[in-house]
Amino acid sequence: GELPLQPSISTTSREGNRGCQAALEDCLASVAVSRNFGSPLAFAHTRSRNAGAGEARKERGSRMPVGRKELERWSNAQKASSRTSSAMSEMIRGAHANGALNLSNRQLAEIPEELLRYNEADAQENWWEVAELRKLDISHNTLSSLPEALFQPLTELQVLHAGNNSLSSVPRSIAVCGGALSRLNLAHNKLSTLPAWLFEDLPVLTHVSLDHNLLSSLPASLGSLTNADTISLSHNALTTIPDLDGLPSLRTLILASNKLSSLPDSIGALYNLEQLELGHNRLTTLPGTIASLTSLVRLDARENALSHLPTIPHSPVLAELLLGFNKLRSLPESCADAAPQLATVDLRDNAIDSEHSILCLLPLRSIRALDVRNNELKGLPAELGLKTTITSLLVDGNPIKSIRRGVLTGTAREILEYLRGRLTDGP
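In this report, the structure presented in the accompanying data block is examined.

Scoring rules and cut-offs
- Residues numbered from 1 in each chain as written.
- Predicted model: local features only at pLDDT ≥ 70, side-chain atom pairs only at ≥ 80, totals over all residues.
- Heavy atoms only, no water.
- Helix = DSSP H or I, 4+ residues; strand = E, 2+ residues; numbered from the N terminus.
- Core = buried A, V, L, I, M, F, W, Y, C linked by side-chain atoms within 4.5 Å.
- Buried < 20%, exposed > 50% of the residue type's maximum accessible area, 1.4 Å probe, protein only.
- Contact = heavy atoms within 4.5 Å.
- Salt bridge = Lys/Arg side-chain N within 4 Å of Asp/Glu carboxyl O.
- Phe/Tyr/Trp six-rings, centres within 6.5 Å; stacked < 30°, edge-to-face > 60°.
- Lys NZ or Arg CZ within 6 Å of the ring centre and 35° of its normal.
- Polar contact = N/O pair within 3.5 Å; in protein donor to acceptor, adjacent residues only side chain to side chain.

**A closer look at the environment of Arg-117**
- Within the element layout of this structure, Arg-117 appears in the loop between helix H5 (113-116) and strand S2 (135-137).
- Separated by 36 residues in sequence, Arg-117 and Pro-153 have C-alpha atoms that sit 7.5 Å apart.

**Here's the deal with the nonpolar core**
- Formed by 103 residues in total, the largest nonpolar core has its most connected members in Leu-115, Leu-136, Leu-160 and Ile-174.
- Mapped by element, the contributors of at least two residues to this core are helix H4 (68-98), helix H6 (198-201), helix H7 (335-338), helix H9 (405-408) and helix H10 (412-425).
- The element best represented in this core is H10, accounting for four residues.
- Apart from residues no more than four positions distant in its own chain, Leu-115 is found in contact with Ile-92, Leu-101, Leu-103, Leu-133, Leu-136 and Leu-150.

**What about the pattern of salt bridges?**
- Scanning the entire structure with this criterion turns up 15 salt bridges.
- For Arg-93, the salt bridge identified is with Glu-90, shortest N-O distance 2.5 Å. Pair noted here: Arg-93 and Glu-90 are both in helix H4, with a separation of three residues, about one helical turn.
- By relative accessible area, Arg-93 is classed as buried at 19%.

**Thoughts on the packing of aromatic side chains**
- Summed over all chains, the structure comprises zero aromatic pairs.
- Over the ring of Trp-197 we find Arg-172; its NZ or CZ atom is 4.4 Å from the centre of that ring.

**Here's the deal with unusual backbone geometry**
- Despite not being glycine, His-235 has its phi angle at roughly 55 degrees, a positive value.
- Here His-235 lies in the loop between strand S6 (230-232) and strand S7 (252-254).
- For His-235, a relative accessible area of 37% gives the class partly exposed.
- Phi is positive for Phe-325, close to 60 degrees, though the residue is something other than glycine.

**What to know about the side chain of Asn-350**
- With respect to the secondary-structure elements, Asn-350 resides in the loop between strand S11 (344-346) and helix H8 (356-359).
- At 3.0 Å, the side chain of Asn-350 and the backbone oxygen of Leu-347 are in polar contact.
- Those residues in contact with Asn-350 that lie beyond four places of it in its chain are Leu-323, Gly-324, Phe-325, Asn-326, Lys-327, Leu-328, Asn-374 and Asn-375.

What follows is the structure, given as structure tokens:
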């Protein structure tokens, strides 16, 4: 009736224990591999690739297994990705505190997922501590597009710098920023067209930079940005620009290095315009309405094909009139009356052949620099010698035979002294 004693160790139990021990070792190995390589499957895949090297591993004893370089590269990549993700999360947390995020020059080929979830607080934050993003800089990267999801959480965005990328389009969702976005920089991209809705849906823009793109035309809505202060469109392929009569606040308009052959008469409606850059185009004349630019300080129309200038801006503050490298034969007679504060006049490389164009500048009391190089002048008026305010006078390259070349290539002071001497000597 007694129960038989169970042997302490039997053959079966030994085998079972060994099986359990092996299972435990496999489990522990799996955990270790997961920690180092992400998953047992990844490690198993690597083991299967190196199955034929079992004997070599035994010989090396405690040395790293075959395939270690591949495993190290994979592990380093995982660690680098983890560090990048950690750094991005840290930057997002910083933006949650101050409302500004700078991701420029980070070799981004796409927008980070963390930014698409900007409004989500992480484990170290409270949701009420997340500030609205007001300034975003993603310039100087390699972005070819912006996802529609980018702007969904950014309804209070005021400044967007996305220049120096490879963008070819603007996502429709940027319109959600329309009530706040005031500065838009898309310069140095690959934009060939702009959607008609762009400026309609971003009505509070004050600064627009679209330089160095591939634009050949602009939407008419550009002319209705009533708050615009600066519009920069240089280095595109523009052949026309829309009417500009809806830009009462505009102070700077940059249209240099395009293919413009004319300007709309509506440019005269820019009463507050201070700087107008028209250089490197195909303009043959300027509209008479530029006389209405009464606040203009600088007009640069160099390197065009101007053969006639009906007038210049009637601006009491105009200081720079830059008309070099054109085909002008004369200047409007009313220059001094229209712009009494002119200090710099550049007429180099034109076809001016009359001293009268110089004489009409003599009433200017503030003139400091006059450049008439490479024209068709046969002489210089002696009265010019009285303009002692001039500190830069360049006259070389004209067919002037009545003045020694050594004088013509001299300093402004030497030329003026020579001309004054002619006044003293009389006829």
